[in-house]
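# Observations on the model geometry
Chain by chain, the residues:
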Amino acid sequence: MDKPTPAHLSNRMFWLLGAGVAVVMLVGTSRELTRPFQGLHAWGKADGARFARAHVVYGLGYTRGLMTEAVGNPPPQPPKHYVNHPQLSSLVAAVPMWVFGPHEGVSRGYWVFMSVLALLAILTLLRPLLGGVGALLAGLLWSIFPLTAYFGSGGPCFVSSILATFFYLKLIGEFGEVTGRRTWLWVGLIATNFLCLQFNWTGGFYCLALAVHYAGRCILRRQKPHWFMVAVLLITPVLSASVTFGIMLAGFDWDYQRIIDLFVWRAGKGEMTGQMQGFDWVAWFAKFWEFALTNFTVYMMILAMIGFFVHVARRLIAYLNAKGTKKPVPLVAGSPQLLLLVMPGVLQLLILRGTLWKHQGWELPLAPFIAIGGALCLLALWDLLRGSSKLLAAVAVAAVLAAISIPCVLGANYYFDIRWQHDDRIALWKKINQLVPANKSLAVFAPDMDGVFVTQSKAKGEVMRAEPAWYIDRPVIGIPAKQEVRAVFGGLGNANAKAVQVMNNLARSLPPNASQSMVEAIRTRARETLRLEVHKLAVQNTPKIVAELKSRRSEAPIYLLPYGLNTGSRQLNYFLAMYNEELNAELSKHFALVYFAPGQQGEVDKDGNFFKAGMRAYYVYDVTKDPNESTASPR
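By convention here, each chain's residues receive numbers from 1 onward along its written sequence. At least 70 in pLDDT is required for a residue's local features to be given in this predicted model, at least 80 for side-chain atom pairs to be given and counted, and no such filter applies to totals for whole chains, interfaces and linings, which use all residues. With hydrogens and water set aside, each side-chain value is computed from the structure's full complement of heavy atoms.

## Things to note about the overall build of the protein chain
In this description a helix means any DSSP run of H or I spanning at least four residues, a strand means any run of E spanning at least two, and both kinds are numbered starting from the N terminus. A tally of regular secondary structure across the protein chain gives 21 helices and 9 strands. Taking the principal axes of its C-alpha atoms as reference, the protein chain extends roughly 100 × 70 × 40 Å. Only protein chains enter the area calculation, which uses a 1.4 Å probe; residues under 20% of their type maximum are buried, those over 50% are exposed, and those in between are partly exposed. By residue count, 51% of the 635 residues in the protein chain fall in the buried class. The Shrake-Rupley method, run with a 1.4 Å probe sphere, supplies the accessible areas, and residue values consider only the shown protein chains as cover. For the protein chain, the exposed area adds up to about 29,300 Å²; of that, 62% sits on carbon and sulfur atoms.

Here's what the structure looks like:
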């Protein structure tokens, strides 16, 4: 790869400046370190934290070193392991929790530390490819991306993947002839290439990229492969994958079809299943570009495109000028390394395309490649201006860097400001954690419709959402049962039908020239009918709910009643809100209301997109106490 650099940097100066770039990464990723898990993709952040906490709180004898969905203390038996992903990451993340305790800040601090390690790894890899200054520029740009500032680098998977790439390129001579023993390089490649797929699925695509790159290199150069290298690049990831898939199969009771279903789900429509007929590539690329503009900013994308265009143009000009001479210049010199760095991200996005729809972080593997494009552009700008004045060239590069930094900081601010969970909902969960003893359960009206339990796909099955699992940290049971809640839907439908019938009957009696007040009176009568019917339904169902709550209060002393639920139907949501209001009035005659969380409005951004979540109102009852012991009231 071409390495135009404004100045030679000594090893000491390079790492001194690299430490400065590491500080930028540290500052950017450590914002709001102790904030609750409530921001963009809080689910994913809380997931990693709760799996690590399980190792610490319950011990490896219980978790067996696997991600474990356990809440409360003592935990449920037998353990329920989450084996849909490689397992090593949660074990490594548990180490700081063992030392400092299971807290949000400790979990985030671990990922910040990994981001700094990843930066040092990427600087080590890029220095021989781009030169010292080019590597530092790429590292700096990578550190200020909104995507990196918010999500970090990708954790230990990215560190091991970049180191594996470094060891591989070093061994095949892309960084110059290796002097001395190569044993440490081979050991490093074998270890990191194996670990890639132990941390995350993304690591598998780095392993695949290395194998494809080496095969292409041998074919283009018409060289016989180094068979030990072939063995390392093929056997190591296969062994690693065997471990990961072996754990999955054991966790799925050897039902291999679940693994196939998971792959088909992720490789197909994913979280858009049910929302599109066939796979919509136009919508997919539109979503990819939409995320790229907020992950890297439009200015950074333009800078990267210019950088790669200049790089290709330089190679083409050098090739044409040297054609026919005694020392011809290879047309693709340096380019295979660029392809190697972009290949993992492209493979992941295209092979597991169904995961992109709601996950900005799925573009993380592309971040170093785009940063390299930006660095190439800045180096080209230096080369263009240094003939006139090195001071002018330095000022121009600094000015572009400053200009690029502003939208990146604003983009990071936007990501940090997004709220998937309202502050009051976090406070509610924390309050429930205080009210419910560690060895008891929380009873909830329709926990699946309240987002406490979710089912992304049949292969994954129903799981407790990570944020309530982290904060409530108690088993959750549904009272009434699911089938009884579904029966309520039928009752609400009948109540609405009766109200509509009343409205239609009255409407027929209206004269042709009926006034607006007469029409409104009919609507009011229909609403009164609906309210009466819903009240009857709540009164009818209350004795069953009260009886079940009393019979199970030694197991579940606290009952959570959400005011309104997410059914997927706006009309049904309205009816359920009305029903829960009536149900609350009835339950308050039997149990003590100990906490009330009023509903809150959500917010949208300037473009009308989701920005900050609101929340429905919640009633919290202590079913072991009488109504006269209530300590809260709706307001």
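Past the structure itself, the notes keep going.
## Let's talk about unusual backbone geometry
With omega at 10°, the peptide bond leading from Asn73 into Pro74 counts as cis. Here Pro74 lies in the loop between α3 (60-63) and α4 (88-100). The peptide bond linking Gln77 to Pro78 adopts the cis configuration, its omega dihedral lying at -5°. Assignment of secondary structure puts Pro78 in the loop between α3 and α4. The residue Glu32 is not glycine, and still its phi comes out positive at about 50°. For Glu32, the position within the fold is in the loop between α1 (11-29) and α2 (42-58).

## Concerning the pairing of strand β6 (residues 592-597)
Burial analysis of β6 places 5 of its 6 residues in the buried class, which makes it a mostly covered element. Only strands joined by at least two bridges in the DSSP assignment are considered to pair. Bridge analysis of β6 against strand β9 (residues 617-622) gives 5 bridges, and the strand direction is antiparallel. Each residue of the ladder has a partner; that of Ala597, found in β9, is Tyr618.

## Remarks on α1
Here the expected span of a helix is defined as 1.5 Å times the quantity of residues minus one. In a regular helix each residue adds 1.5 Å, so 19 residues correspond to 27 Å; α1 covers 26 Å between its end C-alpha atoms and thus fits that length. Buried within α1 are the following residues: Phe14, Gly18, Val21, Ala22, Met25, Gly28 and Thr29. Looking down the long axis of α1, one finds its buried residues gathered within 120° of arc, a one-sided arrangement. Opposite its buried face, α1 presents the exposed residues Arg12, Leu16 and Val27, each directed more than 90 degrees away. For α1, the secondary structure elements touched by its buried residues are α5 (104-144), α6 (146-151) and α16 (390-417). Throughout, the arc means that of the directions going from the helix axis to the C-beta atoms. Any pair of residues with heavy atoms lying within 4.5 Å of one another is described as a contacting pair.

## Digging into the side chain of Arg266
Tracing the backbone shows Arg266 in helix α11 (residues 256-267). Judged by relative accessible area, Arg266 falls into the buried class, the value being 9%. Discounting chain neighbours no more than four positions away, the residues touching Arg266 are Asn84, His85, Trp201, Leu352, Arg353, Gly354, Thr355 and Lys460.

## Topic: the side chain of Asn541
As for its position among the elements, Asn541 is in helix α20 (residues 516-551). Ignoring any residue separated from it by four or fewer positions in sequence, one finds Asn541 in contact with Val488 and Tyr579.

## Digging into the packing of aromatic side chains
Any pair of Phe, Tyr and Trp rings, taking the six-membered ring for Trp, is counted once the centres come within 6.5 Å. Such a pair is stacked with planes under 30 degrees apart, edge-to-face with planes over 60 apart, and tilted for the rest. Considering all chains together, one arrives at 32 aromatic pairs under this definition. Arranged with centres 6.4 Å apart and planes meeting at 80°, the rings of Phe151 and Tyr415 form a pair that is edge-to-face. In this pair, Phe151 is assigned in helix α6 and Tyr415 in helix α16, connecting sequence segments 264 residues apart. Assigned by exposure class, Phe151 and Tyr415 land together as buried.

## Observations regarding helix α17 (residues 423-435)
Between its first and last C-alpha atoms α17 spans 19 Å; for 13 residues at 1.5 Å apiece the expected length is 18 Å, and the two agree. All of the buried residues in α17 are Arg425, Ile426, Leu428, Trp429 and Ile432. For α17, the angular spread of buried residues about the axis comes to 155°, placing them on one side. In the core, the buried residues of α17 are packed alongside β1 (442-444), α18 (466-471), β5 (558-563), β6 and β9.

## Quick word on the sheet that holds β1
Pairing is mixed across the open sheet formed by 5 strands, whose spatial order is β4-β1-β5-β9-β6. A single partner strand is all that each edge strand has here, and the edge strands are β4 (476-478) and β6. Across the sheet, the mean angle from the axis of one strand to that of its neighbour is 25°, orientation sign disregarded. Pairing analysis gives 6 bridges linking β5 to β9, with the strands arranged antiparallel. Within β9, the position partnered with Ile558 by the bridge is Asp622. An axis is simply a line fitted to the C-alpha atoms; with a helix, the fit covers only the stretch in contact. Between two such axes, the angle follows the N-to-C directions and lies from 0 to 180 degrees. α17 contacts β1, β5, β6 and β9 of the sheet and is inclined by roughly 155° relative to β6. Packing against the sheet, helix α21 (residues 570-587) makes contact with β5 and β9, and its axis sits at approximately 145° to β5.

## Looking at the packing of helix α7 (residues 155-171) against helix α9 (residues 202-221)
Direction vectors running N to C along α7 and α9 enclose 15°, while the axes themselves pass 9 Å from each other. Considered as vectors, α7 and α9 are oriented roughly parallel to each other. Here α7 and α9 pass one another in a crossing that is right-handed. Within the contact between the two elements, α7 uses Cys157, Phe158, Ser161, Ala164, Thr165, Tyr168 and Leu169 and α9 uses Thr202, Gly203, Tyr206, Leu210, His213 and Tyr214. Classifying every residue of the contact of α7 with α9 gives 8 nonpolar, 5 polar and no charged. Orientation is classified from the angle alone, with under 35 degrees giving roughly parallel, over 145 giving roughly antiparallel, 65 to 115 giving roughly perpendicular, and any other angle giving oblique. Throughout, a crossing is termed right-handed when the near helix is turned clockwise from the far one, and left-handed when it is turned anticlockwise from it by less than a right angle. Each residue gets one of three labels, nonpolar for Ala, Val, Leu, Ile, Met, Phe, Trp, Tyr, Cys and Pro, charged for Asp, Glu, Lys and Arg, and polar for the others, Gly among them.

## Some remarks on the environment of Glu581
Examined against the element boundaries, Glu581 turns out to sit in helix α21. When neighbours within four sequence positions are excluded, Glu581 is seen to be in contact with Arg531 and Tyr563.

## Re a nonpolar patch on the surface
Together, Leu208, Val212, Tyr256, Ile260, Phe263, Val264 and Ile351 make up a nonpolar patch on the protein surface, roughly 620 Å² of accessible area in all. Where the nonpolar patch is concerned, the elements lending two or more residues are α9 and α11. The greatest single-element share of the nonpolar patch, amounting to 4 residues, is contributed by α11. Relative to the assigned elements, Ile351 resides in helix α14 (residues 335-351). Only residues whose relative accessible area exceeds 30% and that form no salt bridge enter a patch; like-charged residues are grouped when within 9 Å of one another, and nonpolar side chains (Val, Leu, Ile, Met, Phe, Trp, Tyr) when within 5 Å. Just to be clear on terms, a salt bridge is a Lys or Arg side-chain nitrogen sitting within 4 Å of an Asp or Glu carboxyl oxygen.

## Quick notes on the state of the cysteines
The term disulfide is used for any two cysteine sulfur atoms that are within 2.5 Å. Under the defined criterion, the tally for this structure stands at 0 disulfides. Of the cysteine sulfurs around Cys196, a residue in no disulfide, the closest is that of Cys207, at 4.3 Å. Cysteine Cys377 shares no disulfide, and the gap to the nearest cysteine sulfur, in Cys408, comes to 14 Å.

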